[in-house]
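Residue-level structure breakdown
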Amino acid sequence: ALCEDTGYISGKICSCVKEIAKNIITTELCSVMPINECTFDNFELKYYTDADSEKRMRSILKVCKEYAENFNPENSANLLFMGAAGLGKTHLSLAIAGEAIKKGYLPVYGPAENLFNEIEKERFCSYGNESNSYNTMINCDLLIIDDLGSEFMTTLSKSILYNLINSRILSRKPTIISTNLNMKELESFYSPRITSRLIGNYDARLFLGKDIRQ
(Lines give C-alpha, C1' and ligand atoms only; values in the text may rest on other atoms or scores of the structure.)
Protein backbone atom coordinates (compact mmCIF):
# COMPACT_ATOMS: atom_id res chain seq x y z
CA ALA A 1 0.00 0.00 0.00
CA LEU A 2 1.08 3.59 -0.59
CA CYS A 3 0.95 4.23 3.15
CA GLU A 4 3.20 1.24 3.89
CA ASP A 5 0.39 -0.20 6.03
CA THR A 6 0.27 2.81 8.36
CA GLY A 7 -3.19 3.81 7.14
CA TYR A 8 -2.20 7.43 6.55
CA ILE A 9 -0.48 9.51 3.89
CA SER A 10 0.51 13.06 4.81
CA GLY A 11 -1.92 12.99 7.71
CA LYS A 12 -4.85 11.79 5.58
CA ILE A 13 -6.51 8.37 5.53
CA CYS A 14 -5.01 6.20 2.82
CA SER A 15 -7.15 4.86 -0.02
CA CYS A 16 -6.38 1.31 1.15
CA VAL A 17 -8.24 1.99 4.41
CA LYS A 18 -11.21 3.34 2.49
CA GLU A 19 -11.17 0.24 0.28
CA ILE A 20 -11.18 -2.05 3.31
CA ALA A 21 -14.01 -0.06 4.89
CA LYS A 22 -15.95 -0.22 1.61
CA ASN A 23 -15.58 -4.00 1.49
CA ILE A 24 -16.70 -4.34 5.12
CA ILE A 25 -19.78 -2.18 4.63
CA THR A 26 -20.65 -4.06 1.43
CA THR A 27 -20.42 -7.36 3.29
CA GLU A 28 -22.67 -6.03 6.05
CA LEU A 29 -25.21 -4.77 3.53
CA CYS A 30 -25.19 -8.09 1.71
CA SER A 31 -25.84 -9.92 4.98
CA VAL A 32 -29.13 -8.03 5.33
CA MET A 33 -30.13 -7.78 1.69
CA PRO A 34 -28.45 -9.01 -1.52
CA ILE A 35 -27.16 -5.61 -2.65
CA ASN A 36 -25.33 -7.12 -5.62
CA GLU A 37 -28.66 -8.43 -6.90
CA CYS A 38 -30.41 -5.06 -6.59
CA THR A 39 -28.98 -2.88 -9.34
CA PHE A 40 -30.37 -0.40 -11.82
CA ASP A 41 -29.55 -2.79 -14.65
CA ASN A 42 -31.85 -5.53 -13.34
CA PHE A 43 -34.73 -3.28 -12.32
CA GLU A 44 -37.42 -4.53 -14.73
CA LEU A 45 -40.01 -2.04 -15.92
CA LYS A 46 -41.86 -4.86 -17.70
CA TYR A 47 -43.50 -5.81 -14.39
CA TYR A 48 -45.40 -2.51 -14.38
CA THR A 49 -48.01 -3.51 -16.90
CA ASP A 50 -50.45 -0.60 -17.06
CA ALA A 51 -49.54 2.69 -18.73
CA ASP A 52 -49.78 4.89 -15.62
CA SER A 53 -47.58 2.72 -13.41
CA GLU A 54 -45.04 2.12 -16.21
CA LYS A 55 -44.75 5.84 -16.88
CA ARG A 56 -44.48 6.67 -13.18
CA MET A 57 -41.87 3.97 -12.51
CA ARG A 58 -39.81 4.92 -15.56
CA SER A 59 -39.68 8.46 -14.18
CA ILE A 60 -38.72 7.27 -10.68
CA LEU A 61 -36.00 5.01 -12.10
CA LYS A 62 -34.56 8.00 -13.98
CA VAL A 63 -34.61 10.10 -10.81
CA CYS A 64 -32.85 7.37 -8.83
CA LYS A 65 -30.17 6.84 -11.49
CA GLU A 66 -29.44 10.56 -11.60
CA TYR A 67 -29.41 10.71 -7.81
CA ALA A 68 -26.87 7.86 -7.64
CA GLU A 69 -24.75 9.28 -10.46
CA ASN A 70 -24.51 12.69 -8.77
CA PHE A 71 -24.50 11.44 -5.18
CA ASN A 72 -22.53 13.56 -2.76
CA PRO A 73 -23.10 13.38 1.01
CA GLU A 74 -22.71 17.15 1.25
CA ASN A 75 -25.48 18.20 -1.11
CA SER A 76 -27.68 15.25 -2.14
CA ALA A 77 -31.37 15.44 -1.31
CA ASN A 78 -33.42 13.30 1.06
CA LEU A 79 -35.75 10.81 -0.64
CA LEU A 80 -39.04 9.35 0.60
CA PHE A 81 -40.27 6.28 -1.29
CA MET A 82 -43.96 5.59 -0.68
CA GLY A 83 -46.33 2.95 -2.01
CA ALA A 84 -47.63 -0.56 -1.48
CA ALA A 85 -45.39 -3.54 -0.79
CA GLY A 86 -43.48 -5.19 -3.63
CA LEU A 87 -43.15 -2.20 -5.96
CA GLY A 88 -39.36 -1.89 -5.95
CA LYS A 89 -38.71 0.61 -3.16
CA THR A 90 -36.08 -1.58 -1.49
CA HIS A 91 -34.54 -2.54 -4.83
CA LEU A 92 -33.94 1.07 -5.88
CA SER A 93 -32.74 2.07 -2.41
CA LEU A 94 -30.10 -0.66 -2.54
CA ALA A 95 -29.20 0.20 -6.12
CA ILE A 96 -28.41 3.73 -4.93
CA ALA A 97 -26.44 2.34 -1.99
CA GLY A 98 -24.41 0.14 -4.35
CA GLU A 99 -23.48 3.11 -6.52
CA ALA A 100 -22.57 5.18 -3.45
CA ILE A 101 -20.22 2.41 -2.32
CA LYS A 102 -18.56 2.38 -5.75
CA LYS A 103 -17.88 6.09 -5.29
CA GLY A 104 -16.13 5.35 -2.00
CA TYR A 105 -18.95 6.55 0.28
CA LEU A 106 -20.19 4.57 3.26
CA PRO A 107 -23.96 4.08 3.49
CA VAL A 108 -25.85 2.45 6.33
CA TYR A 109 -28.89 0.39 5.34
CA GLY A 110 -31.45 -1.56 7.35
CA PRO A 111 -35.14 -2.22 7.90
CA ALA A 112 -36.50 0.27 10.43
CA GLU A 113 -37.12 -2.47 12.98
CA ASN A 114 -33.51 -3.72 12.83
CA LEU A 115 -32.00 -0.24 13.06
CA PHE A 116 -34.16 0.86 15.99
CA ASN A 117 -33.73 -2.44 17.84
CA GLU A 118 -29.95 -2.18 17.53
CA ILE A 119 -29.95 1.32 19.03
CA GLU A 120 -32.32 0.32 21.84
CA LYS A 121 -30.22 -2.76 22.65
CA GLU A 122 -26.98 -0.79 22.78
CA ARG A 123 -28.55 1.97 24.90
CA PHE A 124 -29.85 -0.63 27.34
CA CYS A 125 -26.43 -2.26 27.61
CA SER A 126 -24.69 1.10 28.03
CA TYR A 127 -27.16 2.39 30.64
CA GLY A 128 -28.71 5.11 28.50
CA ASN A 129 -25.56 6.41 26.83
CA GLU A 130 -25.54 7.04 23.08
CA SER A 131 -24.84 3.87 21.13
CA ASN A 132 -22.23 3.30 18.46
CA SER A 133 -25.01 2.36 16.06
CA TYR A 134 -26.86 5.62 16.69
CA ASN A 135 -23.74 7.71 16.14
CA THR A 136 -22.96 5.75 12.97
CA MET A 137 -26.47 6.36 11.63
CA ILE A 138 -26.24 10.06 12.45
CA ASN A 139 -22.87 10.54 10.77
CA CYS A 140 -22.81 8.09 7.82
CA ASP A 141 -22.65 9.37 4.24
CA LEU A 142 -26.10 7.96 3.43
CA LEU A 143 -28.69 6.49 5.79
CA ILE A 144 -31.34 4.19 4.29
CA ILE A 145 -34.28 3.34 6.56
CA ASP A 146 -36.30 0.63 4.84
CA ASP A 147 -39.90 -0.39 5.47
CA LEU A 148 -40.70 2.34 7.99
CA GLY A 149 -43.97 1.57 9.78
CA SER A 150 -43.55 -2.19 9.88
CA GLU A 151 -41.62 -2.11 13.16
CA PHE A 152 -43.05 -2.55 16.66
CA MET A 153 -43.32 1.07 17.75
CA THR A 154 -42.41 2.29 21.20
CA THR A 155 -41.99 5.74 22.68
CA LEU A 156 -38.23 5.24 22.37
CA SER A 157 -38.38 4.14 18.72
CA LYS A 158 -40.45 7.23 17.86
CA SER A 159 -37.86 9.39 19.63
CA ILE A 160 -35.04 7.63 17.77
CA LEU A 161 -36.75 8.20 14.42
CA TYR A 162 -37.32 11.89 15.12
CA ASN A 163 -33.73 12.41 16.27
CA LEU A 164 -32.29 10.59 13.26
CA ILE A 165 -34.41 12.57 10.81
CA ASN A 166 -33.92 15.92 12.51
CA SER A 167 -30.19 15.55 13.19
CA ARG A 168 -29.43 14.56 9.62
CA ILE A 169 -31.54 17.45 8.25
CA LEU A 170 -29.63 19.90 10.44
CA SER A 171 -26.26 18.46 9.39
CA ARG A 172 -27.41 18.29 5.74
CA LYS A 173 -26.68 14.58 5.44
CA PRO A 174 -28.88 12.66 2.97
CA THR A 175 -31.37 10.02 4.07
CA ILE A 176 -33.59 7.68 2.07
CA ILE A 177 -36.74 6.34 3.74
CA SER A 178 -39.14 3.79 2.24
CA THR A 179 -42.57 3.04 3.65
CA ASN A 180 -45.85 1.33 2.77
CA LEU A 181 -47.72 4.05 4.67
CA ASN A 182 -49.21 7.26 3.31
CA MET A 183 -48.72 10.64 5.00
CA LYS A 184 -51.91 10.43 7.07
CA GLU A 185 -50.90 6.99 8.34
CA LEU A 186 -47.36 8.19 9.12
CA GLU A 187 -48.77 11.10 11.12
CA SER A 188 -51.14 8.77 12.96
CA PHE A 189 -48.42 6.19 13.72
CA TYR A 190 -45.70 8.66 14.67
CA SER A 191 -46.33 12.40 15.14
CA PRO A 192 -47.06 15.60 13.20
CA ARG A 193 -43.55 16.93 13.92
CA ILE A 194 -42.04 13.89 12.16
CA THR A 195 -44.33 14.10 9.12
CA SER A 196 -43.81 17.87 8.89
CA ARG A 197 -40.07 17.28 8.51
CA LEU A 198 -40.67 14.61 5.90
CA ILE A 199 -43.00 16.90 3.93
CA GLY A 200 -40.71 19.91 4.20
CA ASN A 201 -37.33 18.25 3.69
CA TYR A 202 -37.83 15.10 1.60
CA ASP A 203 -38.45 14.56 -2.10
CA ALA A 204 -41.41 12.15 -1.98
CA ARG A 205 -41.96 9.61 -4.76
CA LEU A 206 -45.12 7.49 -4.96
CA PHE A 207 -44.56 4.02 -6.43
CA LEU A 208 -47.44 2.58 -8.48
CA GLY A 209 -48.28 -0.89 -9.76
CA LYS A 210 -49.01 -4.38 -8.53
CA ASP A 211 -46.75 -6.42 -6.23
CA ILE A 212 -44.00 -7.55 -8.65
CA ARG A 213 -42.87 -10.29 -6.26
CA GLN A 214 -46.09 -12.16 -7.03
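A brief report on the enclosed structure follows.

Scoring rules and cut-offs
Residues numbered from 1 in each chain as written. Predicted model: local features only at pLDDT ≥ 70, side-chain atom pairs only at ≥ 80, totals over all residues. Heavy atoms only, no water. Buried < 20%, exposed > 50% of the residue type's maximum accessible area, 1.4 Å probe, protein only. Helix = DSSP H or I, 4+ residues; strand = E, 2+ residues; numbered from the N terminus. Pairing = 2+ DSSP bridges. Phe/Tyr/Trp six-rings, centres within 6.5 Å; stacked < 30°, edge-to-face > 60°. Lys NZ or Arg CZ within 6 Å of the ring centre and 35° of its normal.

With that settled, the discussion passes to the pairing of strand E3 (residues 78–82). Both faces of the sheet carry side chains from a regular strand, because those side chains alternate between them. Burial analysis of E3 places 5 of its 5 residues in the buried class, which makes it a mostly covered element. Burial of the side chains of E3 extends over both faces: Asn-78, Leu-80 and Met-82 are buried on one face and Leu-79 and Phe-81 on the other. Note: E3 against strand E7 (residues 202–206), 5 bridges, orientation parallel. The partner of Asn-78 across the bridge, within E7, is Tyr-202. As paired strands, E3 and strand E6 (residues 175–179) are joined by 4 bridges and run parallel to one another. Within E6, the residue paired with Leu-80 across the bridge is Ile-177.

Below, the discussion takes up the packing of aromatic side chains. Tallied over the entire structure, the rule returns 4 aromatic pairs. Aromatic side chains Tyr-67 and Phe-71 sit 6.0 Å apart centroid to centroid with 50° between the ring planes, which places their arrangement in the tilted category. Under the relative-accessibility criterion, Phe-71 is labelled buried at 4%. Put simply, the rings of Tyr-67, Phe-71 and Tyr-105 pair up and form one aromatic cluster. Taking the ring centre of Tyr-162 as reference, the NZ or CZ of Arg-193 above it sits at 3.7 Å.

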